[in-house]
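# Coordinate analysis (summary)
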There are 2 protein chains.
Amino acid sequence: MITEAEYLKNYDATRFPSPLVTVDSVLFTLHEGKLCVLMVERASQPQQGCWGLPGGFIDIARDQHTRDTALRKLTEKAGVSPSWLEQLDTFSGPDRDPRGWSLTIAWFALIAWVDCAPHIASVSDARWLPVDELDGYALAFDHQKIIETGLHRLRQKTMYSLLPVYCLPDTFTQAQLHEATEIILGQPIQRKSLIRRIEASGMLEETGESVATGARKARLWRRKPDVDIHLFSRNLLAD
Amino acid sequence: MITEAEYLKNYDATRFPSPLVTVDSVLFTLHEGKLCVLMVERASQPQQGCWGLPGGFIDIARDQHTRDTALRKLTEKAGVSPSWLEQLDTFSGPDRDPRGWSLTIAWFALIAWVDCAPHIASVSDARWLPVDELDGYALAFDHQKIIETGLHRLRQKTMYSLLPVYCLPDTFTQAQLHEATEIILGQPIQRKSLIRRIEASGMLEETGESVATGARKARLWRRKPDVDIHLFSRNLLAD
DNA sequence: GCAATAGTGTCTTTAAGACACTATCAT
DNA sequence: ATGATAGTGTCTTAAAGACACTATTGC
């Protein structure tokens, strides 16, 4: 019987073959009436030239969690950290990456288009692709499946929370939230239902300002500082 | 510019330091009116003698997914594969394991107590621990936190599905499902609500048999073969 | 004034909560 | 027959759906 200290002194982490571990993020935004996902053109092998999710290897010297890895890679590509970031799922297996048995920890993120538009416009390898046009692109590895999982999470959570506010700028109108919700869910939503939810959630507050949108001015709203997301006990579109 | 084939020929997966990757499972069951989690007494270092979740390293020669790793380890410890198995979350960081930067993929599982009682009784290192008595045990690594995350998942999902049926034997009465739901949620549930949900879910069917429970006989139910779980659009206990 | 968008009032619908009622079985 | 547990009927309640109504603004 040895002590833990003795055991650790002699421990060799490379004795057993271990999987290749990466972290990838599905970052959604809304732009011109479409739901888009941030994709990066792969500059190097493998799958060079394909479009892949922003991600990469964990830097065990710098990252305290895989969340840090996700944030680091997203900040590199989008120039800003997302408004929403949560773990999505992991994807693993011997065949998903030609380099061998691999595992990716996928994160799910949201951001307002305006918050990163300038940065993304300035780089040539990152681009917002509308999710309904992904068929036209060669996607790397199993990233198509990861995106679908992210889409499913986005739609589910939109049914029982105000998650779409994290796709909007700091201040926004009820109409913007309404449009965002309809784009994500792909069907019409009663305006009244959303307004009731804004009230009931306690997540949002009026800024006091209004903006002209062509007709009557609309009041501006923002998320209360440091407020947690509110989960409703019923879904929208319950049929 | 090199081709992918040339690149792969020269690829060395050990060039970059990579995290220690494990798979752990939170397997819950119900026994004697208590919610229990399967724990294993650690036979070797690190954290020898502590109680930990059943889990271990991925065997990249045998496991096609981390799900297979979870199943392999659970079958070793519980002697049977769980009725329910889904991915829970990942936990990572430089300090959670003394061997170095580590990552565990946590799975969430349910099984009926009777299905693995004989096997667990036959081994000395695995035991069902009631979740409300875990304070009395030295738990390994961050397994306390992983269990709490599993508990949260179990309680949330119980509010909008019939998930507790996966903690019950193949055939069961409405009263058993009712009791299971109340134990998991920790508060009384209207019998009528559950009966309505059984009907509406389309997941269950009567076996045609009845069992005596002391008074009037109760009808037996089972899950329809290969049926998917039904998600309700409202939660129980919505207040 | 009129068109257009913002915002409200209120009736209907759905599924849960509450709880009393009836049914069946062992004794 | 009685008591206990199984199972039903039905009223109330909470929140979404539907949709018509009023309010405000630019022209």
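Everything discussed here concerns the structure shown above.
The present account deals with the structure reproduced in this document. Every value quoted in this text rests on a predicted model; they were computed, and no experiment measured them.

Next up on the list: the overall build of chain A. On a plain count of helices and strands, chain A comes out with six helices and ten strands. In terms of overall dimensions, chain A has a C-alpha envelope of 75 × 45 × 40 Å along the principal axes. When burial is assessed residue by residue, chain A has 49% of its 239 residues classed as buried. Across chain A, the fraction of contacts at a sequence separation of at least 24, relative to all contacts at a separation of at least 6, is 66%. Roughly 11,800 Å² of accessible area belongs to chain A as shown, and the carbon and sulfur atoms make up 47% of that amount.

Here a ring pair, both rings aromatic, is described through the centre-centre distance and the interplanar angle of the planes. Residue and element names in this part refer to chain A. Within the structure shown, the criterion is met by six aromatic pairs over all chains. Between Trp51 and Tyr137, the aromatic rings sit 6.1 Å apart at their centres with planes inclined by 85°, giving edge-to-face as the arrangement. Taken together, the residues Trp51 in strand E3 (residues 51-52) and Tyr137 in the loop between strand E7 (126-130) and helix H4 (143-160) connect sequence positions 86 residues apart. One Lys or Arg, Arg197, reaches over the ring of Phe232 and ends 4.2 Å from the middle of that ring.

Lining the immediate environment of DNA strand D, one finds 22 residues, of which Arg216(A), Arg234(A), Arg191(B), Lys192(B) and Arg216(B) sit closest. When the atoms of DNA strand D within 4 Å of the protein are sorted by group, sugar and phosphate make up 51%. Arg191(B) places a side-chain nitrogen or oxygen 2.5 Å from a base nitrogen of DNA strand D. Note that a base nitrogen of DNA strand D is positioned 2.7 Å from one of the side-chain N or O atoms of Lys192(B). When contributions to the surface near DNA strand D are tallied by element, the ones reaching two or more residues are helix H6 (191-201) of chain A together with helix H5 (174-185), helix H6 (191-201) and strand E10 (218-223) of chain B.

The subject of this paragraph is the interface of chain A and chain B. Counting residues at the interface gives 39 residues for chain A, matched by 40 residues for chain B. Together chain A and chain B conceal approximately 3,600 Å² of surface at their shared face, both sides included; 58% is due to carbon and sulfur atoms. Considering only the side of chain A, the residues that lose the most area to chain B are Gln45(A), Ile60(A) and Trp101(A), jointly responsible for 17% of the buried surface there. Every element with two or more residues in the side of chain A that touches chain B is listed here: helix H1 (4-9), strand E1 (20-31), strand E5 (84-93) and strand E6 (102-110) of chain A. Split by residue class, the side of chain A that touches chain B holds 20 nonpolar, 14 polar and five charged.

Turning our eyes to something else, we now look at the relation of the copies chain A and chain B. Comparison of the two chain copies shows a relationship of rotation about an axis with a shift along it. Mapping chain A onto chain B is achieved by rotating through 180° and translating by 0.0 Å along the same axis, at an RMSD of 0.0 Å. When the rotation and shift are considered jointly, the pair of chain copies conforms to a two-fold rotation axis. Closest approach to the rotation axis among the C-alpha atoms of chain A is made by Arg234(A), whose C-alpha sits 2.1 Å away. When the interface residues of chain A are mapped onto chain B, 100% of them again fall at the interface, so both copies present the same face.

On to the sheet that holds strand E10 (residues 218-223) of chain A. Residue and element names in this part refer to chain A. Spatially, three strands are ordered E8-E10-E9 in an open sheet, and the strand pairing comes out antiparallel. Either end of the sheet is taken by a strand with one partner, and the two such strands are strand E8 (171-172) and strand E9 (204-211). With two bridges connecting them, E8 and E10 associate as antiparallel partners. Paired with Thr171 across the strands is Arg222, a residue of E10.

What follows concerns the protein's contact with DNA strand C. Neighbouring DNA strand C are 22 residues, the closest being Arg191(A), Arg216(A), Arg196(B), Arg216(B) and Arg234(B). In DNA strand C, the atoms that sit within 4 Å of the protein are 51% sugar and phosphate, with bases accounting for the remainder. Within the side chain of Arg196(B), an N or O atom sits 2.7 Å from a base nitrogen of DNA strand C. Between Leu237(B) and DNA strand C, the recorded distance is 2.8 Å, taken from a backbone N or O atom to a phosphate oxygen.

Let us look at the sheet that holds E10(B). Judged by pairing direction, the sheet is antiparallel, and its three strands sit side by side in the order E8-E10-E9 (chain B) without closing on themselves. The open sheet is flanked by strand E8 (171-172) and strand E9 (204-211) of chain B, the only strands paired with a single partner.

Bringing the environment of Cys50(B) into the picture now. All names here are of chain B. In this structure, Cys50 sits in the loop between strand E2 (34-41) and strand E3 (51-52). Through-space distance from the C-alpha of Cys50 to that of Gly93 is 20 Å; in sequence the pair is 43 residues apart. The contact partners of Cys50, leaving out residues within four places of it in the chain, are Val40, Glu41, Arg42, Ala138, Leu139 and Ala140.

On to helix H5 (residues 174-185) of chain A. Residue and element names in this part refer to chain A. Over its twelve residues, H5 extends 16 Å from the first C-alpha to the last, a length consistent with the 16 Å expected when each residue adds 1.5 Å. Of the positions making up H5, those classed as buried are Leu177, His178, Ala180, Thr181, Ile184 and Leu185. Buried residues in H5, looked at end-on, bunch into an arc of 165°, giving them a common side. Those residues of H5 that are buried are in contact with E1, strand E2 (34-41), H4 and H6. Once H5 finishes, Gly186 follows within two positions and takes phi at roughly 70°, a positive value.

Conventions used here
- Residues numbered from 1 in each chain as written.
- Chains lettered and ligands numbered in written order.
- Predicted model: local features only at pLDDT ≥ 70, side-chain atom pairs only at ≥ 80, totals over all residues.
- Heavy atoms only, no water.
- Helix = DSSP H or I, 4+ residues; strand = E, 2+ residues; numbered from the N terminus.
- Buried < 20%, exposed > 50% of the residue type's maximum accessible area, 1.4 Å probe, protein only.
- Contact = heavy atoms within 4.5 Å.
- Areas by Shrake-Rupley, 256 points an atom, 1.4 Å probe, with all protein chains shown as cover.
- Phe/Tyr/Trp six-rings, centres within 6.5 Å; stacked < 30°, edge-to-face > 60°.
- Lys NZ or Arg CZ within 6 Å of the ring centre and 35° of its normal.
- Near = heavy atom within 4 Å.
- Polar contact = N/O pair within 3.5 Å; in protein donor to acceptor, adjacent residues only side chain to side chain.
- Buried area = accessible area lost by both parts, 1.4 Å probe.
- Nonpolar A, V, L, I, M, F, W, Y, C, P; charged D, E, K, R; others polar.
- Least-squares fit on C-alpha atoms with pLDDT ≥ 70 in both.
- Pairing = 2+ DSSP bridges.
- Expected span 1.5 Å × (residues − 1).
- Arc of directions from axis to C-beta.

Note that all results are geometric; they support no functional claim without further evidence.
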